[in-house]
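Chain residues, written in single-letter form:
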Amino acid sequence: MSDTHPPTDSAAARDTGNAHSAHNAVVTGQFGPQASAYLTSANHAQGADLEQLVAIVRAHPGAQVLDLGCGAGHVSFLTAPHAARVVAYDLSADMLGVVAGEAEKRGLTNVDTQLGAAESLPFGNACFDLVFSRYSAHHWADVGAALREMRRVLKPGGRVVICDVASTGQPLFDTYLQAVEVLRDTSHVRDYAASEWMTMAASAGFSVASLTPRTLELDFKTWTTRMRTPVPMQVAIRALQAAMADDVRRHFKIQDDGSFTLDTLTLELVVG
């Protein structure tokens, strides 16, 4: 008879926590040295999704806003003039340093910074009117836990808005997408399809108020330079692009220099 035993709940939780901590270390290692590059990134500093977030803040005067996974702070900077307070929250202390410095330059005295992970928010219950997250969720170790935390800190009648790269849900396209993402950035976890987002949101107690699909054009050199993607990884991405079926190249509009487009979505959630 074997003397091995299945892990206890506490042991499983400890293993999960250790795995999340290890992944978070990869995230901070990837993004910390590149914080300034994200501040000046045109892809991150502009876009129709940002305009949508600003419009939502304007419709909620005096809002307390959480910018979850704030990166270099573009959401915080554009929403702060229309909010009572914005908390820029991120796993990277280097990113938060960039946000604090830029907020001071812009005279945004209502932007505060806070260090931490999306799955464990150091805030009380029902303290934010709006929770925004843009191009961060695909790095989270546990999106379900993060969504439950968002719901916990959201005030009654508040809204959560998530903007991120999206999978089409089609297996061939999805396999290609996740492969090039992780080759470019080893902190990547997953780009989720709209159907996956809707299932996860419902499990966390949300209903979908709106879902807006968009596309994002990416210059290959800029995309890889911003993340300091090693040359062998860049070569692998280009080889994969060349090897994929024609319908993959057409869908992602892959060009001769490796530039391409990605599908994105903006998901607006309310407590269901």
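Preceding this section is the structure that the text describes.
All of these numbers come straight from a predicted model, not from anything done at the bench. (Residues numbered from 1 in each chain as written. Predicted model: local features only at pLDDT ≥ 70, side-chain atom pairs only at ≥ 80, totals over all residues. Heavy atoms only, no water.)

A. Inspection of the overall build of the protein at higher detail. A count of helices and strands for the protein gives 12 helices and 7 strands. Looking at the protein as a whole, 50% of its 272 residues are labelled buried. Partitioning the contacts of the protein with sequence separation of at least 6, the portion at a separation of at least 24 is 76%. A total accessible area of about 12300 Å² is found for the protein, and carbon and sulfur atoms account for 55% of it. (Helix = DSSP H or I, 4+ residues; strand = E, 2+ residues; numbered from the N terminus. Buried < 20%, exposed > 50% of the residue type's maximum accessible area, 1.4 Å probe, protein only. Contact = heavy atoms within 4.5 Å. Areas by Shrake-Rupley, 256 points an atom, 1.4 Å probe, with all protein chains shown as cover.)

B. Summary view of the environment of glutamine 255. Within the fold, glutamine 255 resides in the loop between helix 12 (246–251) and strand 7 (260–271). Sequence-wise, glutamine 255 and phenylalanine 220 are 35 residues apart; in three dimensions their C-alpha atoms are separated by 9.3 Å.

C. The packing of helix 8 (residues 171–184) against helix 11 (residues 231–243), seen in detail. Across the interface, helix 8 lies against helix 11 with an axial gap of 9 Å and an inter-helix angle of 165°. One element, helix 8, and the other, helix 11, form an angle in the roughly antiparallel class. Where helix 8 crosses over helix 11, the handedness of that crossing is left-handed. Listed contacts from helix 11 to Tyr176, Ala179, Val180, Leu183 and Arg184 of helix 8 are Met233, Ala236, Ile237, Leu240 and Gln241. Taken together, the residues that form the contact of helix 8 with helix 11 break down as 8 nonpolar, 1 polar and 1 charged. (Axes fitted to C-alpha atoms, helices over the stretch in contact; angles between N-to-C directions. Parallel < 35°, antiparallel > 145°, perpendicular 65-115°, else oblique. Left-handed = near helix turned anticlockwise from the far one by under 90°. Nonpolar A, V, L, I, M, F, W, Y, C, P; charged D, E, K, R; others polar.)

D. Highlighting the nonpolar core. Membership of the largest hydrophobic core comes to 29 residues, with the highest contact counts inside it found for Leu66, Leu68, Val131, Leu147, Met150, Trp197 and Phe206. Counting only elements with at least two residues in this core, the list comes to strand 1 (64–68), strand 2 (85–90), strand 4 (128–134), helix 7 (143–153), strand 5 (154–165), helix 9 (194–203) and strand 7. At 5 residues, helix 7 tops the list of elements feeding residues into this core. Leave out the neighbours within four places in its chain, and leucine 147 touches Ile162, Trp197, Met200, Ala201, Ala204, Phe206 and Leu269. (Core = buried A, V, L, I, M, F, W, Y, C linked by side-chain atoms within 4.5 Å.)

E. Looking closely at the packing of aromatic side chains. Throughout the structure, instances matching the rule amount to 7 aromatic pairs. Note on phenylalanine 220 and tryptophan 223: the rings are 6.1 Å apart at their centroids and 55° apart in plane angle, and the pair reads as tilted. A residue pair is termed a helical-turn pair when its members lie 3 or 4 positions apart in one helix, as phenylalanine 220 and tryptophan 223 do in helix 10 (residues 220–226) at 3 residues. The same class applies to phenylalanine 220 as to tryptophan 223, namely buried. Between the aromatic rings of tryptophan 223 and phenylalanine 260, the centroid separation amounts to 4.9 Å while the plane-to-plane angle is 80°, which identifies the pairing as edge-to-face. One end of the pair, tryptophan 223, is in helix 10; the other, phenylalanine 260, is in strand 7, and 37 residues separate them in sequence. In this structure tryptophan 223 comes out as buried when scored by relative accessible area, which is 3%. Through successive ring pairs, a cluster of aromatic residues spans Tyr89, Phe123 and Phe128. One residue, arginine 238, lies across the ring of phenylalanine 220, its end atom 5.8 Å from the ring centre. (Phe/Tyr/Trp six-rings, centres within 6.5 Å; stacked < 30°, edge-to-face > 60°. Lys NZ or Arg CZ within 6 Å of the ring centre and 35° of its normal.)

F. How the structure looks around the pairing of strand 7. For strand 7, the tally of buried residues reaches 11 of 12 residues, placing the bulk of the element in the interior. Sheet analysis places strand 5 next to strand 7, joined by 6 bridges and oriented antiparallel. The partner of valine 160 across the bridge, within strand 7, is leucine 269. Pairing of strand 6 (residues 206–218) with strand 7, which is carried by 12 bridges, proceeds in the antiparallel orientation. Paired with proline 213 across the bridge in strand 7 is leucine 265. (Pairing = 2+ DSSP bridges.)

G. Looking closely at helix 6 (residues 93–105). Its 13 residues place the ends of helix 6 18 Å apart at the C-alpha level, agreeing with the 18 Å of an ideal helix rising 1.5 Å per residue. Taken residue by residue, helix 6 has Met95, Leu96, Val98, Val99, Glu102 and Ala103 as its buried positions. Burial along helix 6 is one-sided: seen end-on, the buried residues are contained in an arc of 155°. Opposite its buried face, helix 6 presents the exposed residues Ala93, Glu104 and Lys105, each directed more than 90 degrees away. (Expected span 1.5 Å × (residues − 1). Arc of directions from axis to C-beta.)

H. Here's a closer look at the pattern of salt bridges. The full count for this structure, using the stated rule, is 9 salt bridges. Residue arginine 106 pairs with glutamate 102 through a salt bridge whose shortest N-O separation is 3.0 Å. A cluster of three or more residues bridged by salt bridges with shared partners is formed by Asp174, Arg190 and Glu196. (Salt bridge = Lys/Arg side-chain N within 4 Å of Asp/Glu carboxyl O.)

I. Expanded view of the environment of aspartate 67. Of note, aspartate 67 is situated in strand 1. Classification of aspartate 67 by relative accessible area gives buried; the value is 1%. In this structure, the C-alpha to C-alpha distance between aspartate 67 and serine 133, residues 66 residues apart in sequence, is 5.8 Å. Those residues in contact with aspartate 67 that lie beyond four places of it in its chain are Gly73, Val75, Ser76, Val86, Val87, Ala88, Tyr89 and Phe132.

Interpretation note: all reported values are geometric properties and have no functional meaning in isolation.
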